[in-house]
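Below are the chains, spelled out letter by letter.
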Amino acid sequence: MNYERIIHIIFCAAIGSRMELQMERKQILSINDLSISFQTSAGVVNVIRGMNLSLYKGETLAIVGESGSGKSVTVKAIMGILSNNGKINNGSIHFTYQKDGKETQQDLLKFTKTVMRRQINGKRIAMVFQDPMTSLNPTMTIGAQIMEGMIYHYKTPKREAFQKAIKLLELVGITDPEKRMKNYPHQLSGGMRQRVVIAIALSCDPELLICDEPTTALDVTIQAKILELIKDIQKKTGISVIYITHDLGVVAKVADYVAVMYAGKVVEKGTTNEIFYEPRHPYTWGLLSAMPDLNSTDDKLYTIPGSPPNLLHQVEGDSFAPRNIYAMNIDLRKEPPMFKITDTHYAATWLLHEKAPKIDMPLELRNRINMMYKELSEGDQETMPPALNKELSEGDQEAMPPALNKELSEGDQEALASNKIGGIIV
Amino acid sequence: MKKYIIKRIIISVITLVVILLVLFLMLELMPGSPFNDEKLNEAQKAVIRAKYGLDKPIFVRFLNYIKAMLSGDFGVSYTISKNTPITTLLQSRLPISLRIGGQAILIGTMIGLTLGIIAAIKHNTIYDTITTVISVLGVSLPSYVFAMTLIYSMGFKLKWFPLLYQMDAPIYSSVLPTVSLCMFTVATVARFTRTEMLEVLGSDYMLLAESKGINSFHLIFKHALRNALIPIITVLAPLVVGLMTGSLVIEKLFSIPGIGSLLVSAIQSNDYNVVVALTFIYSLMYIGIMLVVDILYGVIDPRIRLAKGDKNE
Amino acid sequence: MSERKPLLKVNDLKQHFRINRRFTVKAVDGVTFDIYPGETYGLVGESGSGKSTIGRSIIRLYEPTAGEVIFNGVNISGRLSSKDTQHLRTRMQMIFQDPMACLNPRKKVIDIIAQGLDIHHLYKSKEERKDKVFQILDMVGLSNEHADRYPHQFSGGQRQRIGIARALIMNPDLIIADEAISALDVSIQAQVVNLMKDIQKKTNTAYLFIAHDLSMVKYISDRIGVLHLGHLVETGTKEEIFSNPIHPYTKSLLSAIPQPDPIAEKKRIAMNYDYATSGIDYHKGTNQHVSGQHYVLATKEELEKWTK
């Protein structure tokens, strides 16, 4: 039991319920039990295996995951631009939006392609893609590409569209916008092209902006500027944003709410503070630990052993179990449900079951978080999420979150108790 | 853009001069002379030579040659129709070949593009397979096979179209030859269009355009086609020349009095002047069409006309 | 450390590319640094900095426009005799960025890895060749069965290991890793970096680690050079650079890296550095000594201003 941890616990426990005071949040998008598979030459791949996620108005939701986690597929499903060999097997995506002055909620998965294109794509939900070098049509001028959406969706007269396009270019920080309108994409640098893509996305005043790894292909200094730009725009327009990335640093900067995906499912979701300062899923621990830390003097980088699973085959139990050093017997038998930690924080790991051994995150990670904590001002420290550290007294242990799924079979309960595999008990 | 066009024109002119040089040298180096009639003695031969300027030094003869060719004076035919100026022969025949070739290209390209686009959109379905079969047939079967089939079925059996070309029913009687000619074009264009469209349709900017909510029609014709067209035009250029200059076989089959059949006759009867003249015409057309294609590139693909380092960067 | 002879000396290397009559791209414009045996030199820069060009000029994939490169005492930037070429092509190896693109998809892994051996006839029998390949596979964390497979049957991280194996089998003194991890997922990047460090401990190979990610570079490098627009603006040991960055470009680069600390990160604004408007001219600066092995490209006045 080290000194610093004690300080942290006491502080956080004392301000316990501060996190509950959230603003009234209005849900505009909810993904329910989504299941998607792809037909490939090697067989059927289950890319999304039961996903639940919500987005609230004016917030930025970051979806984090490695390649193969299914994050890009999710947003393509929202937009209705899945490739032809993709099939929606189950689930719904409910989107709340303004139509003809009234608010309506619809299941986007039930819309035909024509309806999606006329009502949603570009108009109410817009997308920014990853590679600015290939996202723009090489044979159309910048101006034409920005104005196209407005003219198409709102029949905006050309002159007005032209003026609006210039204003958009100014908004996204492009100098000399009049001249740029006549340029072609190949005459612009990568960073500028991505700004144009953002301008195109904003051209029809959408309610939701989806960014699929928009800065991955850019230099880190350009990335910083684009991230600031997106945050700026969000402040100005109140637009809701879904941000897909594998870079946790970027998440920390832009996101209000985070969903961590692994092998086609959300394994942990919560506010950004909860995910970064009090993560609960071993995969999240792994991701955070594997991030190189500019401040540490460590010589060796932590790595998550192994590689993501091949979703061609049916997954038995928890898909993360083979790489999880905290895996228990039950992880091999049954997939963990989402356990509730706070109203906003959920994680799908058997470690949160009341009968599971009490395990804390890896020591290096805990130390790193404590260091960050120490460097914050007092005011900031109070916004940290309450720690639900397992080394609390008995009374506190009883305050542990109840599992949403209490019906474990006998065999499962045994497996949970036996803890034969891995399992490092602190 | 202007610099680009000027460069292309200069290159075309140089190419033309080189071709003329080659043709000229070919004529020079060919054994024998047109005036080897044994009945003539030396003095008479010398007079004839002077008349035709054959006694001047080679350099001067070359310049005269260029002058003549470029002004349309191709000389006279020797064997096909003695002493007829070649220009007269061409005057009646060239328009016919051009017209039938033009028809074939137009129809062939339109059908080819359509088939190619359908095959690309309905990738891996029955439409795709049908297009592929048509393409393979069109490319592998010689044009005369098509011609024969058409002549037999539609000309002979069904009597829908006349068997031979008739001057008094130019369009009606050119249907069969046009269709036979254009099969190769249809096949080639369809195949290329399909490949290019598939590649373009799978690109990132198409996905972005789709996410903007643009409808299918505009996606294909406004976004995809413009990008797919560039390689298609490359393929189209030599096809156009081939068709314009009159497929030799088709012209013979349908008795079309075009320049293709003229060339065949000239070769068969060793009429050098006609052969050279036609070669020059073909080269001129080829260079001209390539020039047009290059300019079209510049119009369609901004990356070519606004290369890096130019202003606007 | 300064008594050791450098393995690689790069002196005022310049690499210019002539686009057309009016336009020459000066990708590398006078770069000088040394690499000592068994150490890792991290070359960091963004796109357009010239970092990849430096790697390729050193290994003679490009002909250097000016300057010299001395490897193991031999000048490899001028005219090369066949002995020099052999020396260069066996003792120095390169690992490339895109693990999918740089492996021949029609060759088996064993043939890909043994290619260097084949070209330079470095074995006497087929058995010896197989043994060498197996040995290397083991070193990079792959198994013997993998030798008989084709590249498309592997993941990105595994393909990069094959790339490393291919370089390693030649037992080189220097491996140039040109953005070798950029195309991989973050957790796989960590695996490959750890692997490279382990290999270095065993074989004492030196690395020239070219990257754009300063945070990853920190884990593998002993010394670091920061590259901008073809010039080395700051060099030093990793401790010197990270604890005391002096050049404004280095500072902006460091500040642009987002950290997994939401509360701090949301408040932080990255430092802006624009060469065109900064008033700095890289051609006017010289290599100013700061401390130890820490050097900055600056004029005397600039250095004073930045270290105040």
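Residues numbered from 1 in each chain as written. Chains lettered and ligands numbered in written order. Predicted model: local features only at pLDDT ≥ 70, side-chain atom pairs only at ≥ 80, totals over all residues. Heavy atoms only, no water.

## Points about the overall build of chain C
Assigned secondary structure in chain C consists of 13 helices and twelve strands. Taken over C-alpha atoms, the radius of gyration comes to 20 Å for chain C, in line with the 19 Å a tight globule of 308 residues would show. Along the first, second and third principal axes, the C-alpha set of chain C runs to 65 × 55 × 45 Å. Within chain C, residue pairs in contact and separated by at least 24 positions form 64% of the contacts whose partners lie at least 6 positions apart. Carbon together with sulfur atoms contributes 49% to the accessible area of chain C, which is approximately 13,900 Å² in total. Seen as two clouds, the 41 positive and the 35 negative side-chain charges of chain C have centres 4 Å apart. (Helix = DSSP H or I, 4+ residues; strand = E, 2+ residues; numbered from the N terminus. Rg over C-alpha atoms; globule rule 2.2 N^0.38 Å. Contact = heavy atoms within 4.5 Å. Areas by Shrake-Rupley, 256 points an atom, 1.4 Å probe, with all protein chains shown as cover. Lys, Arg positive; Asp, Glu negative; His and termini not counted. Charge placed at Lys NZ, Arg CZ, Asp CG, Glu CD.)

## A look at unusual backbone geometry
One non-glycine residue, Ser255 of chain B, lies in the positive phi region at around 55 degrees. A positive phi angle is found at Asn204 of chain C, which is not glycine, with a value near 60 degrees. Take Asn204 of chain C: it is sitting in the loop between helix H7 (186-203) and strand S8 (206-211).

## Details of the interface of chain A and chain C
Between chain A and chain C, the residue contacts involve 47 residues of the former and 36 residues of the latter. Of the roughly 3,600 Å² buried where chain A meets chain C, counting both sides, 55% is carbon and sulfur surface. One can count zero salt bridges joining chain A with chain C. Summed over the shared surface of chain A and chain C, the result is nine residue pairs in polar contact (both at pLDDT 80 or more). Elements that contribute at least two residues to the side of chain A that touches chain C include exactly helix H9 (220-237), helix H10 (248-254), helix H11 (272-277), helix H12 (282-290) and helix H14 (363-374) of chain A. It is H9 of chain A that provides the largest number of residues to the side of chain A that touches chain C, a total of seven residues. Split by residue class, the side of chain A that touches chain C holds 20 nonpolar, twelve polar and 15 charged. (Buried area = accessible area lost by both parts, 1.4 Å probe. Salt bridge = Lys/Arg side-chain N within 4 Å of Asp/Glu carboxyl O. Polar contact = N/O pair within 3.5 Å; in protein donor to acceptor, adjacent residues only side chain to side chain. Nonpolar A, V, L, I, M, F, W, Y, C, P; charged D, E, K, R; others polar.)

## Looking at the environment of Ile359 of chain A
Its location among the elements puts Ile359 of chain A in the loop between strand S12 (346-347) and H14. For Ile359 of chain A and Thr245 of chain A, which are 114 residues apart along the polypeptide, the C-alpha to C-alpha distance reads 28 Å.

## Here's the deal with the state of the cysteines
On inspection of all chains with the given rule, the structure shows zero disulfides over all chains. With no disulfide of its own, Cys204 of chain A lies closest to Cys211 of chain A among cysteine sulfurs, the gap being 16 Å. (Disulfide = S-S within 2.5 Å.)

## Concerning the packing of helix H5 (residues 126-140) of chain B against helix H7 (residues 175-201) of chain B
Residue and element names in this part refer to chain B. It is at 8 Å that the axes of H5 and H7 come closest, and there the two elements cross at 135 degrees. Relative to H7, the element H5 is oriented oblique. Between H5 and H7 lies a crossing whose hand is left-handed. For the pair formed by H5 and H7, the contact residues are Asp128, Thr131, Ile134, Ser135, Gly138 and Val139 on the first element and Met183, Phe184, Ala187, Thr188, Ala190, Arg191 and Arg194 on the second. Among the residues forming the contact of H5 with H7, the class breakdown is six nonpolar, four polar and three charged. (Axes fitted to C-alpha atoms, helices over the stretch in contact; angles between N-to-C directions. Parallel < 35°, antiparallel > 145°, perpendicular 65-115°, else oblique. Left-handed = near helix turned anticlockwise from the far one by under 90°.)

## Things to note about the side chain of Gln191 of chain C
Mapped onto the fold, Gln191 of chain C is located in helix H7. Taking relative accessible area as the criterion, Gln191 of chain C reaches 14% and is therefore assigned buried. Polar contacts involving the side chain of Gln191 of chain C include one to the side chain of Arg161 of chain C, which spans 3.1 Å. When sequence neighbours within four positions are dropped, the list of residues in contact with Gln191 of chain C reads Thr303, Ile304, Pro305 and Gly306 of chain A together with Arg161 of chain C. (Buried < 20%, exposed > 50% of the residue type's maximum accessible area, 1.4 Å probe, protein only.)

## Some words on the packing of aromatic side chains
For the coordinates displayed, the defined rule picks out twelve aromatic pairs over all chains. Summarising the aromatic geometry, the rings of Tyr283 of chain A and Phe320 of chain A are spaced 5.1 Å apart at their centres and angled 70 degrees between planes, so their arrangement reads as edge-to-face. Residue Tyr283 of chain A is located in helix H12, and its partner Phe320 of chain A is located in the loop between H12 and helix H13 (329-333); the two are separated by 37 residues in the primary sequence. Relative accessible area serves as the criterion here: at 0%, Tyr283 of chain A is assigned to the buried category. Where Phe217 of chain B meets Phe221 of chain B, the ring centres are 4.8 Å apart and the plane angle is 40 degrees; that geometry is what we call tilted. Highlighted residues: Phe217 of chain B and Phe221 of chain B, both in helix H9 (residues 216-244), separated by four residues, approximately one helical turn. Given the relative accessible area of 44%, Phe221 of chain B is considered partly exposed. Site record: aromatic cluster; members linked through ring pairs are Tyr262, Tyr283 and Phe320 of chain A. (Phe/Tyr/Trp six-rings, centres within 6.5 Å; stacked < 30°, edge-to-face > 60°.)

## Quick word on the nonpolar core
Leu29, Ile78, Leu108 and Ile242 of chain A are the most contacted members of the largest nonpolar core, which totals 116 residues. The element that contributes the greatest number of residues to this core is helix H8 (residues 190-202) of chain A, accounting for seven residues. In this structure, Ile242 of chain A is in contact with Leu29, Leu55, Leu61, Ile63, Val75, Ile78, Leu208, Leu209, Ile210 and Cys211 of chain A, ignoring residues within four places of it in sequence. Listed in part, the 66 residues of the second largest apolar core include Val133, Met170, Ile220 and Ile246 of chain C. (Core = buried A, V, L, I, M, F, W, Y, C linked by side-chain atoms within 4.5 Å.)

## Considerations on the sheet that holds strand S2 (residues 23-35) of chain C
All names here are of chain C. Sheet architecture is open: four strands sit in the order S2-S1-S4-S5, paired in antiparallel fashion. Of all the strands in the sheet, the pair left with one neighbour each is S2 and strand S5 (74-75). Pairing analysis gives five bridges linking strand S1 (residues 8-20) to strand S4 (residues 66-71), with the strands arranged antiparallel. By the bridge assignment, Lys9 is partnered in S4 with Ile70. Along the sheet, helix H1 (residues 51-58) makes contact with S1, S2 and S4, crossing S1 at roughly 110 degrees. (Pairing = 2+ DSSP bridges.)

## Quick look at the pairing of strand S12 (residues 294-298) of chain C
Residues and elements named next belong to chain C. Counting buried residues along S12, four of its five residues qualify, which places the element largely inside the surrounding structure. As defined by bridge partners, strand S10 (residues 231-237) adjoins S12 across two bridges and the pair is classed as antiparallel. Bridge pairing in S12 places Thr235 opposite Tyr295. Relative to S12, strand S11 (residues 286-291) runs antiparallel, the two sharing five bridges. Residue pairing for S12: His289 is matched across the bridge by Tyr295. Counted along the chain from S11 to the antiparallel partner S12, the turn is two residues long, and its residue Gly292 has a positive phi close to 50 degrees.

## Focus on the pattern of salt bridges
All names here are of chain A. One pass over the full model with this rule turns up 30 salt bridges over all chains. Across the salt bridge formed by Lys164 and Asp205, the nearest N and O atoms sit 3.3 Å from each other. In this pair, Lys164 is assigned in helix H6 (residues 158-171) and Asp205 in the loop between H8 and strand S7 (208-212), connecting sequence segments 41 residues apart. Three or more residues are tied together by salt bridges with common partners; here these are Arg49, Lys265 and Glu335.

## Description of the sheet that holds strand S9 (residues 223-228) of chain C
All names here are of chain C. Pairing in this open sheet of eight strands is mixed, and the strands run S6-S7-S8-S3-S9-S10-S12-S11 from one edge to the other. The sheet terminates laterally at strand S6 (92-95) and S11, the two strands that pair on one side only. Each neighbouring strand pair of the sheet contributes to a mean axis angle of 20 degrees, computed without reference to strand direction. Bridge count between S9 and S10: six bridges; the pairing is antiparallel. Opposite His228, over in S10, you have His231 as the bridge partner. Packed on one face of the sheet, helix H6 (residues 156-168) meets S6 and strand S7 (174-178) and runs near 170 degrees to S6. Sitting on the sheet, helix H10 (residues 248-256) touches strand S3 (40-45), S9 and S10, and the angle it makes with S9 is about 100 degrees.

## A short note on the confidence of the model for chain B
All names here are of chain B. This prediction gives chain B a mean pLDDT of 81; 92% of its residues lie at or above 70. The element-level mean pLDDT for chain B is lowest in helix H2 (residues 42-51), coming to 73, with helix H8 (residues 204-211) highest at 91. For residues 308-313, every residue scores under 50 in pLDDT, and the model assigns this stretch 15 contacts once sequence neighbours within four places are set aside. (pLDDT = per-residue confidence, 0-100.)

## Quick word on the environment of Val133 of chain C
Residue and element names in this part refer to chain C. Within the secondary structure, Val133 sits in helix H5 (residues 126-139). With a relative accessible area of 0%, Val133 lands in the buried category. Counting along the chain gives 23 residues from Val133 to Ile110, while the straight-line C-alpha distance between them is 6.6 Å. Contacts of Val133, omitting those with residues within four sequence positions, involve Ile110, Ile113, Ala114 and Ile169.

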